[in-house]
Structure formats: C-alpha cells, structure tokens
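Architecture at a glance
Below are the chains, spelled out letter by letter.
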Amino acid sequence: MNERNRELFALIPASLLVTAGFTAVFIQRDDVLSNLSLTYGLIFLALCLGAHVVLRFTLPHADPYLFPLVAVLACFGLVMLYRLDEDLARDQAQWFVVGLLCFAGTIVALRSDHRVLERYRYSIALVGIALLLLPRLGSPVNGAYLSFHLGPIAFQPAELAKIAIVIFLASYLRDTRQVLVVGARRFMGITFPPLKHLGPLLAVWGTAMVLLFVIQDLGSSVMFFGAFLALVYVATNRISFVLIGLGLFALGARVLYALRPTIENRVSAWLHPFDDKLYDQEIGGSYQIAQSIFSQADGGLFGQGFGQAVIKLGDAPPILPAAHTDFIYAVITNELGLLGGAAVLLVYLLIIERGFKTAMIATDSFSKLLATGLTAVLALQVFVIVGGVTKLIPLTGVTLPFISYGGSSIVANFILLALLLLVSDRARREAQVR
Amino acid sequence: MNAPILKLFGVILLLFAALLAMTSYNSVINADAYRENDRNARPQIEEQRIHRGVIRTRDGSVLARSEEQESSLYKRRYTDEGRLFAHAIGYDFLRSGRAGLEREYNDELTGRRNELASVFDELRGRQRVGDSLVTNLDAGGQRVARAALQGRKGSIVAIEPATGKVRVMVSSPDYDPNALDTKAAAEAPLINRATQSGYPPGSTFKVVTAAAALDSGQFNPDTTVSGNSPIQVSGAPLQNFSNAQFGDIPLTTALTNSVNTVWAQVAEKLGRERMGDYMKRFGFGTDPPLDYPDSQMRPSGVFDIEKERFLPSDLEGVDIGRVGIGQERLSVTPLQMATVVATVANDGVRMKPHLADRVVDLDGRTVERIEPEQAERVMSASSANDLTEMMSNVVKEGTGVGAALEGIDVAGKTGTAERNIAQRINQPWFVGFAPLNQPRIALAVTLEDVRGAQSQGGAVAAPIAKQVLQELLK
C-alpha cells in the first residue's frame, strides 16, 4: 500500500472519533441521539479528504501518518471546544477550514522545492521579529503582550513567528555549522565557538531576551530559545554550546525575575498554589493553577466522562478560567482522566517521532535542520503549556497546538505541518530513488 | 547530524515522561489530598447532582428532601416541620456549606458506598442515589419544647437513658434553613445552644457532686452535714439561698432544698482529684460522643478564660467547694447535663447519645443501624438508685415541684446560675428524668438571661420540663 492510501485509511478512525465525540456530548447534554453528530463527522471527513487529495497530487511520497495524527488532535480539540461552548467550536471549525486552506496554499506554493525559503532567510527573520513586537502596540493581558487586534480578530503573532524563526535558524546554521565547529576553541575545559560567528548567535540570544523584556512572554521565549538550542546542538553536535546558551538564558531570566512582578508572581504561584494570599490575589494569583490541579484531581484514572467536568455554574464566573485555551489539558484530564491525558501526550509524541524521522532521512542540511526545528518548537510548546497546567513548571500562556481555541494557533500549526510534509516528501522520494 | 537528532528526541521523551508523571501525580497519586483541599469546591458541586436522601423523624415524617432543579441539579428543601429541627439536622447548600446531621451523615445521604460498588453501579448505568436517614427525633416533643421556650434564648435536650437516643434537641432562637440557600444567615441563630453554648450549671451540678459523694463510699444519703450559712470556702464567705439556716441535715434534705453550704463542704471533703475523676467519667473535658460534627460541639468543664482551655481533670488550683455547687468557672452544655441525669437514670451507666437511628436505602432496606453503645460505667447501680431516690424528693417536696407529673414519679434537680446579681438576671435550669422505676426520658432545660424575682430554675425551667416530659411519656 502506498503512502497516500495508508493516509486515507488512517483518516477513517479520526472521523469516527469526531463522530463518537460529538455523540457523547449530545447524549450527555440532551439524552437524545441527534444525527447532527453524524453530520459533523461527515463534514470533518470531507475536509480531511480535501486536504488528502491535495497531498495525493502534490506530495505523493510524504509521511502518511503526520496528517491523520494531526487530524485526530484537531477533531479532539473541536469536540472539547464544542462541549465547552458551541459558539467557540463553530469559530474554531471556521479557523480549521482557514488553516487547511493555508496548509494547501503553503504546499502548492513550495511544492517544487521548499529550499527557496533559504533565499529569503533575512526577510523571514525580520518579519518574525516584527510579528513578535506587534502586540506591544496593544494593551497587555495578564501582564504580557500576547495578542494583536486586527479589527475584530485577535491575532497571536508569536504562533507565526515561531515558524519564521525556525526557518531562519535552519538556514543560518546550515551555513555556519562547519565554521562554528572548526573554529571552536577550548577555554577552561569548555568549548567556545569562534568570536566572529558568535555575533549572530548572540543576536538570537539577544532577541530572546528582548522578547522576554518587551513582550514579557516567558512561555514564547522559552519555546523559541529551546528550539534555538536544539538546532545549535543538532547542527554542531556540541553539548557545550547548549550549556552556554542555557546559562545565558538563565542569566537573563534571573534579571527579569528581579525586575518584573509578573514573573515573580508566576513563580510564587507555582511554588505555593494553595497559599491563602496568593489564591485570593485578583491579578497574577494562584487561583488558576490551583483550580487546574483540582480539575485534574477530579479526573482520576478514567475521568468524569465527556461533558461531566465542572467548569462553571450558572452565571457566576467560571470555576476553571481559560478552559478553552490555556487550561484545555486540565479539562481533558478532568473528563477523560489520566488515560485521556496520556493518550493526548502519546499522539503528540507520535507526531514528534514522525517529525524527527523526517529530519533523519532528509539528505540536505537545511531540510534536516528545518524539520528538527519545527518538530522541536512544537514539542516545546506542548511541554511549556502542559508543564504549566500540571504545575511541573511555572505557568505561562501558550496554546496547546491543534487543540486549544485560537485562530492564529490553528493556522500557524497547519503551516508548520505543511512544511514538515514538504521536507518529508522530498526526503522519501530521494530515498526511493537511491 | 542524525546522532544528535536521536539524542534530542531522547531529551524530549524525558520531558514528556515528566509531563505524564506530573499528570499522574495530580489526577491519581495525590488526587485524594487535592480533593479534600479546603479550596476545592468540586466535591460539593458534584454532590448537587445526586438525589440526596430524605431525613425523617422517628415516626417517619419528612424533614428534608431533595428537589430537582432545571439543570438536573438537586437542591435541598426543608419541610415546614423541618424548621423545628433546624439545629439538629443542619443544612446543605452550596452557598452556606453543610452542618449538623447533613454534614455528619453526608456519605450516607449521598449514597457513597465503597469504590468497587460504585464502579459496578456505574457500569450497570445506575445513577448514584442517596440513602435516607431516620432520626430518633420526636416531632411532638420537639414542637412542645420549642413552644415552651416561647422564643426565649435557651435549649432543651431529651435522651432515652437506656439507649442514648436523642429524642428532643431544641436551640432557641432558631432559623429557617431554607433561607440559607440564598443568603448566609447571621451567625447567632445558627449556633446550636444544645452542643455549642457553655453555661454555668448552677445547682444542677450538685447531681455530679452527689454522685461522687455516694459512689466514693464517703457519704450516704443519710450522712449529716451542717447546713448553716455563711461558711468560709477558699477564704471567701459562701451563703445559702436567702442565707437560710438548716442546722445538721442529711444529704437527701440538702439536695431537696439545694443547700449550698452542705454541698460545698462535701465537694471539699471529696477533694479535687475525686471530683475531677467523676466529672471525667460523666464525660466532662472531652467532646461528647454524639453523631454530630465536631466543629459544632464543645466539651464541658472548668474553663480557664485566660488560657482559653478547659482545665485537665486534676482541677489544680480551682475552688473545689464552689465547683461542687456549680459555680467557679464551670461551663457546661445542655447536652452534657442531660447526659449526667440520663446516666443516673440508667443505673449509673453512661450511654453514647445519638441522633440518628438508621440508614435506609431506596428500596426500604435498612443499610445501617446505629446501635446503643455504652460509653462508661460512671457509678454503681446502688449509688445511682440512692441518688435517684434523693432526686425524686426534689420534685416531690423541694425546689423542683414545678416538674411534678400526675401519676408519674419524676426525679430532678433545679439550678439557678446568677449571671448578674444586681439586676437579678439568672440562668434557670432543670435536669431530671421519669418515670422513676423505669426511666424512659432524661432531659435538661435551660434558658439564658431570665430577669426578675421569679427567675429561678424551679419557677421557670421545671414547668417547661414538665410539659416536655408529659408529651414524651404520652
């Protein structure tokens, strides 16, 4: 069976899942079996089939599992959102269509050779940084500049910026990886890269610091900087560069911690979520993280079942805030238990595995680094938000890719997926030829 | 570059393992602790989805039931009769929390069985339904008791001596439990005076002193002691009521006429240790073993205001003579005094008081029965019988004649604690039981801050006790 047929078959369980999910929500809500759930399942299947046809014609050799795995996450997100708020789900479904269009557009535009991106690397980098600085024009939410309002649409540019920055880094490191290694000197037992090439790397570090200070978005900076370190490591195979980078980042974060109350608040809320004072604190307190943990505790091993989690009562403010964005993982654990949470993490891990696999079979350095970077940034994003929600690390607001509510997140992650599939198609085609 | 990519994947696997570990910790490993966290309102919200069991009186009238709301949530509704029992049964509302029997028997009322049974029920598609609770409370007795207090502040507790079943528990003023659904009530009416208010017991405490005196073997009902007044007790003069002179009189006469000077001397002769020992046996110094939330009960004993605690049973440093007549810093609950007389009535054996009788499931089967349980033998049966004899004289010809019933012999003791001598504000008491040979009811009646010349226990509390006894012995 060739790749595309395997993909087609894999999409069937994804559609069944969305049908079953909607059915569960309907039954829970009205005690009646509405054929609407079947309709939603069919629409979803039709959309996926559309994307599949695009792939069949443009990227016949691309990895057959990536798209169905993402479809599972996306449909899971839709059902979850539908259960929280029908209007949100309808919105998200529209964004899902937009995301698929961008997905198809990216593929069609770059299908001959995605390596043209290398030519525009500095423009892409500038666009990425500009995107990141855009929200500074607006007003902060919870002490961080996260979104930019374009008419009625709230837009989170960090989502798109992460792709731009990965493209730039992959391209830049392809050029400099050799010199970084060859010119390296050992000093006090640590290998330092040559000064001449250190400049651009310091610039990346500086950008991460600027992000940290200007937009005060710790989550995004950790994501970017983590992807950067991952790429530097893969490009040079020097663990010392990673350690130096981590040290510098920690330094910057420490300074910011001393200067900005937002970050200090988050850290103390993380350390003491049930402290009376922090819990009752209106802004930047620990209420959210405490409620997130309570939701998970409520889930147990098997969960309360679809639609059974207590999110809000009557017209009072919700018990679990931001259930549709930052805390959607807590809702998943609440309703589907530890097993549901583990299943979601497993799907992400499978996607990550396919991503790295793509990187490993790619033949040119740029493609290798691009696939690695895109996969790493996705993995880190999942780690940052799920880690925050589960109190593994301080909470910082980023979306859970493909699941959380948010147009920019869906669109950006579908573009990310398109790039991965582009790399994969070329790599597998070349592997077959050889 | 493939080797570092593999290693990077390894690092990410580790990070995800940490995520999984943390999720497991939150949702399974440490979930119970999080569920019990005070900040966590979820369990209570969850329980609003359960059809909570009914609470009934001993003869089956419904006091509290669950009503289904729009969003398939249930809400507690208390019947008109339920108001009579406000303090005993408590309340259960999302807004105001949970108290009384609603709190103590929450697991039963919400149908919580063991984990395995619940899983099976869920698999069979059975919705969790609460079991109902049948109490020992008596609607007639409760109504008469409440009416007799006429809205004055006070409390009445009636217990079956042989079983410890609580038949009446009234605290006045009371409140409408249904009102707690929409607004948090003022704190004061919520207090259950039967279990939460510490009052000076006055002369009713002489029953404890008499029990210690008889059971220790140092005294018998005919032992004579000088009843002259005043005498010096702990360096301060102590008088009888109206400074009456009695001469040398037997203990029976001293109890009948509530002679302070005699009982102060008896207590001094018994000493702190012995008095403390008998108080402990009666249950002073610890929370009563009632099936009621600990947060809504308090112990009785000698209360040290400065150190804000009850003195231990060695009673070091107290004026034991004045303790013997119910003065000093004694602070007792009506439930404790009812327990004292119930013990005397039950041949000296103290039973654990209990409000609930049984838990009944949806099909009417009794799931759990609260059996009578002995707490402690306080004194020998013969001492108890002697004391009963002495107490019957109080009602026959002494200060307690107001409690006498036609055709039924009553044993009792009055008390009048002076709250404010100049303004003649008193705390009248009556404790007692009936019928004499086969006691069926023991009770304590007290009122707060009664003014005027007719504010003694015999004048105010004894007639109320009579009404309640009459109703319960009907």
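Residues numbered from 1 in each chain as written. Chains lettered and ligands numbered in written order. Predicted model: local features only at pLDDT ≥ 70, side-chain atom pairs only at ≥ 80, totals over all residues.

As for the overall build of chain A
- Helices and strands together make up the secondary structure of chain A, namely 15 helices and four strands.
- When each of the 434 residues of chain A is scored for burial, the buried share is 54%.
- Taking contacts inside chain A between residues at least 6 apart in sequence as the whole, the part at least 24 apart equals 70%. (Helix = DSSP H or I, 4+ residues; strand = E, 2+ residues; numbered from the N terminus. Buried ≥ 20, exposed ≤ 12 C-beta atoms within 10 Å, placed from the backbone. Contact = placed C-beta atoms within 7 Å.)

Topic: the overall build of chain B
- In terms of regular secondary structure, chain B is built from 17 helices and 23 strands.
- When burial is assessed residue by residue, chain B has 51% of its 474 residues classed as buried.
- Contacts in chain B between residues at least 24 apart in sequence constitute 69% of all its contacts with a sequence separation of at least 6.

Quick word on the sheet that holds strand β15 (residues 330–331) of chain B
Residues and elements named next belong to chain B.
- Read from one edge of the open sheet, three strands run β14-β13-β15, paired in antiparallel fashion. The sheet is open, and its two edges are formed by β14 (309–310) and β15, each paired on a single side.
- With two bridges joining them, strand β13 (residues 301–304) and β14 adopt antiparallel strand pairing. Note on β14: the bridge partner recorded for F303 is F310. (Pairing = 2+ DSSP bridges.)

As for the confidence of the model for chain B
- For chain B, the mean per-residue pLDDT works out to 88, and 95% of the residues sit at or above 70.
- Predicted complex, confidence summary: ipTM 0.90, pTM 0.66. (pLDDT = per-residue confidence, 0-100.)

Digging into the interface of chain A and chain B
- The interface is formed by 38 residues belonging to chain A together with 28 residues belonging to chain B.
- Looking at the side of chain A that touches chain B, the elements with two or more residues in it are α8 (218–236), α12 (287–299), α13 (328–361) and α14 (365–389) of chain A.
- For the side of chain A that touches chain B, the class distribution of residues is 25 nonpolar, 10 polar and three charged. (Nonpolar A, V, L, I, M, F, W, Y, C, P; charged D, E, K, R; others polar.)

Let's talk about the pairing of strand β22 (residues 441–447) of chain B
Residue and element names in this part refer to chain B.
- Counting buried residues in β22 gives seven out of seven residues, a clear majority hidden from the surface.
- The side-chain alternation of β22 yields two buried faces, one formed by I441, L443, V445 and L447 and the other by A442, A444 and T446.
- Note: strand β7 (residues 154–159) against β22, six bridges, orientation antiparallel. Paired with G154 across the bridge in β22 is L447.

Here we look at the sheet that holds strand β1 (residues 55–56) of chain B
Residue and element names in this part refer to chain B.
- Judged by pairing direction, the sheet is mixed, and its six strands sit side by side in the order β3-β2-β1-β6-β17-β18 without closing on themselves. At either margin of the open sheet sits one strand with a lone partner, and together these are β3 (74–78) and β18 (366–369).
- Relative to β3, strand β2 (residues 62–68) is paired through five bridges, and the arrangement is antiparallel. Its bridge partner lying in β3, E68 is registered against Y74.

Things to note about the environment of F22(A)
- As for its placement among the helices and strands, F22(A) is situated in helix α1 (residues 3–30).
- C-alpha of F22(A) to C-alpha of L78(A): the two residues are 56 residues apart in sequence and 9.0 Å apart in space.

Regarding the environment of A342(B)
Residues and elements named next belong to chain B.
- Along the chain, the position of A342 falls in helix α15 (residues 334–345).
- Distance from A342 to I159, taken between C-alpha atoms, is 6.8 Å for residues 183 residues apart in sequence.
- What A342 contacts, discounting residues up to four positions off in sequence, is I159, P161, M351, F433 and A442.

Considerations on the nonpolar core
- By size, the foremost hydrophobic cluster in this structure holds 147 residues, and its most contacted members are C75(A), V166(A), A227(A), L231(A), L370(A) and L421(A).
- With 16 residues, α14(A) is the single largest residue contributor to this core.
- Those residues in contact with L231(A) that lie beyond four places of it in its chain are L169(A), A170(A), L173(A), L369(A), T372(A) and G373(A).
- One finds L109(B), F219(B), V394(B) and I464(B) within the second-largest nonpolar core, a separate group that totals 113 residues. (Core = buried A, V, L, I, M, F, W, Y, C linked by C-beta atoms within 7 Å.)

Points about the packing of α14(A) against helix α15 (residues 407–433) of chain A
Residue and element names in this part refer to chain A.
- α15 packs onto α14 with a crossing angle of 145° between their chain directions and a minimal axis gap of 10 Å. Of the two elements, α14 crosses α15, and the hand of that crossing is left-handed. On α15, the residues touching S367, L370, A371, L374 and L378 of α14 are L416, L419, L420, V423, R426 and A427.
- Residues that form the contact of α14 with α15 fall into these classes: nine nonpolar, one polar and one charged. (Axes fitted to C-alpha atoms, helices over the stretch in contact; angles between N-to-C directions. Left-handed = near helix turned anticlockwise from the far one by under 90°.)

Some details on the environment of S365(A)
Residues and elements named next belong to chain A.
- Mapped onto the secondary structure, S365 falls in helix α14.
- Classification of S365 by C-beta neighbours within 10 Å gives partly exposed; the count is 18.
- C-alpha separation for the pair S365 and S171, spaced 194 residues apart in sequence, amounts to 8.6 Å.

Description of α12(A)
Residue and element names in this part refer to chain A.
- In this model α12 runs 19 Å from its N-terminal to its C-terminal C-alpha over 13 residues, within 8% of the 18 Å that 1.5 Å per residue would give.
- Burial within α12 is extensive, with 12 of its 13 residues counted as buried.
- Within α12, the full set of buried residues consists of Q288, I289, A290, Q291, S292, I293, F294, S295, Q296, A297, D298 and G299.
- Count one or two residues on from α12 and you reach G300, which has phi positive near 65°. (Expected span 1.5 Å × (residues − 1).)

Remarks on the pairing of β7(B)
Residues and elements named next belong to chain B.
- The buried count for β7 comes to six of six residues, which makes it a mostly enclosed element.
- Residues G154, I156 and A158 line one face of β7 and the alternating positions S155, V157 and I159 line the opposite face, and both faces are buried.
- In terms of strand pairing, β7 meets strand β8 (residues 166–172) through six bridges, oriented antiparallel. Paired with I156 across the strands is V170, a residue of β8.
- Between β7 and the antiparallel strand that follows it, β8, lie six residues; G164 among them carries a positive phi value of about 80°.

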